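# Structure at a glance
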Amino acid sequence: MMRAVHLRPHHLNFAYRNQCIKFGTMENIEKSLPGIDVLNTGYGDFELRFDPNKPDEVEKAKQTITDMLKRGYAIFVRQGTETLRVRKFDVEKNVYIIGSTPAEEVPITETRATAVGRSAGG
Amino acid sequence: MGEEAQPQVGTDFVTYAQASRQLAEIQLEQQDWSGVPIPVVGLKLVLEPRYRHIGLSEFRWKECYDEQGVRHTIEEEPPPKPSEFTTVNSWWNERYQLTIAVVQDKQGYAQSRVLFEHRLAFTIRTLEAASVWPVEAEQKAVQKLASLIPADQFEIYLLTGHFAEISKRSRVTYLFRKGRPTIALRQDEKSSYPLCALCLHPIGYYGDTWAGVMCPTDDVIAHLLMMRGSEEKFWANANQHPIDRPAAGV
């Protein structure tokens, strides 16, 4: 049906490049690394990973988390069997804050979070 | 002079799904993490009001190309004429399965109107919107879902497109469905009754369809995470459709 319709890329008003993204450690994703999975229109589930032993990658991850929360993304982390929504991010301590006590803090290096963009009721 | 190279499908011309993938790649470099919704000819793109590319909801395609590279102009639908009536009230009639509206003309005289919503039209429009979902995106989303729910539930999802989970907090049962709103049920030992259908899409959706701008299993993941991590926000952000309305998708 509509899959047969083809569009010219430049009509989308974005620059077109027929190349793949290189983001941080994307080329060799280590499944064991912490990070954030982002729900994405073109990817389904886009994985951002960082190596906790590499300060530049940790710094980039911190910037990304801060930016996402600023833009209204809902970030979810698992703690035990619970899924919890991140309320804030402590840049100094590198922890997700999910409650009001120190026990309700999750280090970014010990979890894989999932981020969802702002949602609209359908 | 040599002949002009023929434009190629997949590079010079792309499908909606290919455009979605390519735009997502480009936008990731600019730290735009969610990708970009793709407008579809004939469907209304409804975006979350604070979304950074909100202007896309006004975007209209002007031309498209068939598989031989032949250009086709897309006629823009004329804007609807302003109505001389204003809606005073409307309600859903369960018995006749339609919406009854009371309208008023400029002189203040009231009239009634009957509005039909067709389930089949919802289904067909949803199929049209499905052309924007890259298959690989859905496959990745399915993998992600597998990591979030028990194996037996995931098997049921693969087989039927549905799975259920009871909220630890409210004890409400949620029936998550691929490509349809989530049904909230109250269950006890003797009976169960539906509360409503919860419709919510990250970033946006196509009007009068069940399709979000993200692939269907991404919508399911968003519903599941919001239910688990922020149930009250899930209810607050979702549209709550009565279960017998076509929009509920039952």
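Residues numbered from 1 in each chain as written. Chains lettered and ligands numbered in written order. Predicted model: local features only at pLDDT ≥ 70, side-chain atom pairs only at ≥ 80, totals over all residues.

### As for the environment of A:Asn40
Here A:Asn40 is to be found in strand β1 (residues 35-40). On the basis of neighbour count, A:Asn40 is assigned to the buried category, with 31 C-beta atoms found within 10 Å. Remark: the alpha-carbon pair of A:Asn40 and A:Arg78, spanning 38 residues in sequence, is separated by 20 Å. Ignoring anything within four residues of it in the chain, the contact list for A:Asn40 reads A:Phe46, B:Ala24, B:Trp33, B:Ser34 and B:Gly35. (Helix = DSSP H or I, 4+ residues; strand = E, 2+ residues; numbered from the N terminus. Buried ≥ 20, exposed ≤ 12 C-beta atoms within 10 Å, placed from the backbone. Contact = placed C-beta atoms within 7 Å.)

### Details of the sheet that holds strand β4 (residues 86-93) of chain B
Residues and elements named next belong to chain B. Across the sheet, three strands lie side by side as β4-β5-β6; this open sheet has antiparallel pairing. Edge positions in the open sheet fall to β4 and β6 (110-115), since each of these has one partner strand only. Looking at each pair of strands side by side, their axes are set apart by 20° on average, direction ignored. With six bridges connecting them, strand β5 (residues 98-104) and β6 associate as antiparallel partners. From the neighbouring strand, Val103 faces β6, where its bridge partner is Gln111. (Pairing = 2+ DSSP bridges. Axes fitted to C-alpha atoms, helices over the stretch in contact; angles between N-to-C directions.)

### Description of the environment of B:Val220
As for its position among the elements, B:Val220 is in helix α5 (residues 216-229). Take B:Val220: there are 27 C-beta atoms within 10 Å of it, and that puts it in the buried class.

### Re the pairing of strand β10 (residues 192-202) of chain B
Within a regular strand, side chains alternate between the sheet's two faces. Relative to β10(B), strand β9 (residues 119-121) of chain A runs antiparallel, the two being bridged by three bridges. Considered in β10(B), the bridge of A:Ser119 is made with B:Pro202. As defined by bridge partners, strand β9 (residues 182-187) of chain B adjoins β10(B) across six bridges and the pair is classed as antiparallel. Paired with B:Ala184 across the bridge in β10(B) is B:Cys196. Joining the antiparallel neighbours β9(B) and β10(B) is a turn of four residues. Of the pairings in the sheet, the one linking β10(B) to strand β12 (residues 239-241) of chain B comprises three bridges and is antiparallel in character. Within β12(B), the position partnered with B:Leu198 by the bridge is B:Gln240.

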